[in-house]
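Structural description and commentary
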Amino acid sequence: MGDLELLLPGEADTLVHQLRSFRPQEMGSEGWNQQHENLEKLNMQAILDATVSQGEPIQELLVTYGKIPTLVEELIAVEMWKLKVFPVLCKLEDFTPLNTFPIYMVVHHEASIINLLETVFFHKEVCESADDTLLDLVDYCHRKLTLLVGQTSHGGPPKEEGLQDSTPMQELQNQAELMEFEISLKALSVLRYITDCVDSLSLSTLSRMLSTHNLPCLLVELLEHSPWRRQEGGKLQQFEGGCWQAVTPSKQQKLSKLEGQVWIALYNLLLSPEARARYCLTSFAKGQLLKLQAFLTDTLLDQFPNLADLKGFLAHLALVETQPPKKDLVLEQIPEIWQRLEQENKGKWQAIAKHQLQHVFSPSEQDLRLQARRWAETYRLDVLEAVAPERPRCAYCSAEASKRCSRCQKEWYCCRECQVKHWEKHRKACVLAAQGDRAK
């Protein structure tokens, strides 16, 4: 698994083999926490393997043991928990947990799974091994991309600054909103990898992507809104490597990775023979797709020459007659995970929240210290630094950082002033991490 290993030989095999689905009411339980730790280890090892190009055994193990459907079900289960249970916990006025770290772990679980899927879905055999759950994953990605477009239409993604005099639960809500933005961008990458397999997808999956959700038109909206770019203090910033970074004037025309994912997905959905045969080019679709012509500049084509084929397709589209919506009777599969979870837990969400409040999210000080120690062992600093896509960034201002918090060794800062300004937000996690180190 490369020179730097998080998992010992054979350990990854065991962890993958043990992966299973958890019900929403089991989120945060002891068994669930153990699987979450295991997933984080698999996640980091998968990134390490991909970084050093030493083969990718995590991806191979997930396919061999048929665990991609398990990951998709876990992803949707925790998405539903965040939608149905987390808001209930946040509204309970008498809920003042000693520490919000256990709840944060459940909120973060969705990010862990989508990150692992983004890493392994690069390989076509992973997409094929998803079987029927690929329909559920397509629906999931559609929900996230719709959220991205909606956020941008209403002022853009949430800001990093915390609320003044906010309670721990309000602060956790703010962190969850920030995390949701990053999760949605990961879902964009996963969707692009699914479109790489468009010629081998089932008819039901193709129909879901092209007819039910009309993903080509949604991707056009994404390009129009460009949620990965924003103006801050009169300067252009771009979201890359997990944080917002200033874009110098000389690089403003450079194609970003996220924009590239959108263009590749559009190329696959509009130019592959299978998709073209099944995509109904209505007058609405034609109008939306022709908006792409304004983006296909010479500068873009120099960076992405294959888009010349897409430009030719659009020039032809401008001349052809549109098609009426198809009314063919087609029997097809439908996603079932979301609907099944809703039916199984209908009318139970309030009870689940109250049960978890009492038995899961109100741990003792000793339990918190034990959990902190386990996480300190999971997040080894040498591994985190190897996994990081670039030099560390300041937790407060996002500039390149060279100084690390001496107490917990987890956060980075560019100067003492930024560390002081960030302390109020960082304090709880810092104290908990430091306690975990002392408990070893």
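Below is a short write-up of the structure. (Residues numbered from 1 in each chain as written. Predicted model: local features only at pLDDT ≥ 70, side-chain atom pairs only at ≥ 80, totals over all residues. Heavy atoms only, no water.)

Some remarks on the nonpolar core
In this structure, Trp-81, Leu-89, Phe-121, Leu-137, Ile-194 and Trp-263 are the most contacted members of the largest nonpolar core, which totals 114 residues. Those residues within four positions of Trp-263 in sequence are excluded, and the remaining contacts are Leu-223, Leu-255, Leu-292, Phe-295, Leu-296, Leu-300, Phe-304, Leu-307 and Leu-310. Residues Cys-394, Ala-401, Cys-405 and Tyr-413 belong to the second largest nonpolar core, which totals seven residues. (Core = buried A, V, L, I, M, F, W, Y, C linked by side-chain atoms within 4.5 Å. Buried < 20%, exposed > 50% of the residue type's maximum accessible area, 1.4 Å probe, protein only. Contact = heavy atoms within 4.5 Å.)

A word on the packing of helix 4 (residues 68-84) against helix 6 (residues 101-120)
One can describe the packing of helix 4 onto helix 6 by two numbers: an axis separation of 9 Å at closest approach and a directional angle of 145°. The handedness of the crossing between helix 4 and helix 6 comes out as left-handed. Between helix 4, through Ile-68, Leu-71, Glu-74, Leu-75, Val-78, Glu-79, Trp-81 and Lys-82, and helix 6, the contact on the second element is made entirely by Ile-103, Val-106, Val-107, His-109, Glu-110, Ile-113, Ile-114, Leu-116, Leu-117 and Val-120. Its residues placed into classes, the contact of helix 4 with helix 6 shows 13 nonpolar, one polar and four charged. (Axes fitted to C-alpha atoms, helices over the stretch in contact; angles between N-to-C directions. Helix = DSSP H or I, 4+ residues; strand = E, 2+ residues; numbered from the N terminus. Left-handed = near helix turned anticlockwise from the far one by under 90°. Nonpolar A, V, L, I, M, F, W, Y, C, P; charged D, E, K, R; others polar.)

A closer look at the pattern of salt bridges
Under the criterion given, the structure shown has 19 salt bridges. Salt-bridge contacts for Arg-230 lead to Glu-232; the nearest nitrogen and oxygen are separated by 3.9 Å. For Arg-230, a relative accessible area of 12% translates into the label buried. For Arg-278, the salt bridge is made with Glu-274, and the minimal N-O distance between the two is 3.0 Å. Here the residue Arg-278 and the residue Glu-274 both occupy positions in helix 13 (residues 273-278), the gap between them amounting to four residues, near one helical turn. Glu-274 sits in the partly exposed class, given a relative accessible area of 31%. Here the residues in one salt-bridge network are Glu-79, Lys-82, Glu-110, Arg-143, Lys-144 and Glu-180, joined through shared partners. (Salt bridge = Lys/Arg side-chain N within 4 Å of Asp/Glu carboxyl O.)

Looking at the sheet that holds strand 2 (residues 235-240)
Read from one edge of the open sheet, three strands run 1-2-3, paired in antiparallel fashion. The outermost strands of the open sheet, each flanked by one partner alone, are strand 1 (229-232) and strand 3 (243-246). Geometrically, the sheet is characterised by an average inter-axis angle of 40° between neighbouring strands, direction not taken into account. In the sheet, strand 2 pairs with strand 3 via four bridges, with the strands oriented antiparallel. The partner of Gln-237 across the bridge, within strand 3, is Ala-246. (Pairing = 2+ DSSP bridges.)

Focus on the environment of Pro-102
Summarising the element assignment, Pro-102 is placed in helix 6. Judged by relative accessible area, which is 16%, Pro-102 ranks as buried. Spatially, the C-alpha atom of Pro-102 lies 7.9 Å from that of Val-360, the residues being 258 residues apart in sequence.

A closer look at the packing of aromatic side chains
Throughout the structure, instances matching the rule amount to six aromatic pairs. A centroid spacing of 6.0 Å and a plane angle of 25° characterise the contact between Trp-81 and Phe-86, whose relative ring orientation is stacked. Here Trp-81 and Phe-86 have matching classes, each one buried. Relative to Phe-361, the ring of Trp-81 has its centre 6.1 Å away and its plane inclined at 70°; by these criteria the two rings are edge-to-face. With Trp-81 in helix 4 and Phe-361 in the loop between helix 18 (349-359) and helix 19 (365-378), this residue pair connects regions lying 280 residues apart in the sequence. (Phe/Tyr/Trp six-rings, centres within 6.5 Å; stacked < 30°, edge-to-face > 60°.)

Focus: the pairing of strand 1
Here four bridges tie strand 1 to strand 2, and the two strands are oriented antiparallel to one another. Note that in strand 2 the partner of Gln-231 across the bridge is Leu-236. Connecting strand 1 to the next strand, strand 2, in antiparallel fashion are two residues, including Gly-233 with a positive phi near 65°.

Re the side chain of Gln-245
Within the secondary structure layout, Gln-245 lies in strand 3. With a relative accessible area of 17%, Gln-245 lands in the buried category. A polar side-chain atom of Gln-245 sits 2.9 Å from the main-chain carbonyl oxygen of Glu-240. (Polar contact = N/O pair within 3.5 Å; in protein donor to acceptor, adjacent residues only side chain to side chain.)

Digging into unusual backbone geometry
Despite not being glycine, Asp-131 shows a phi value in the positive range, around 55°. For Asp-131, a relative accessible area of 55% translates into the label exposed. At Asn-214, a residue that is not glycine, the phi angle is positive and equals roughly 45°. Tracing the backbone through its elements, the reader meets Asn-214 in the loop between helix 10 (203-212) and helix 11 (215-225).

These values are about where atoms sit, not about what they do.
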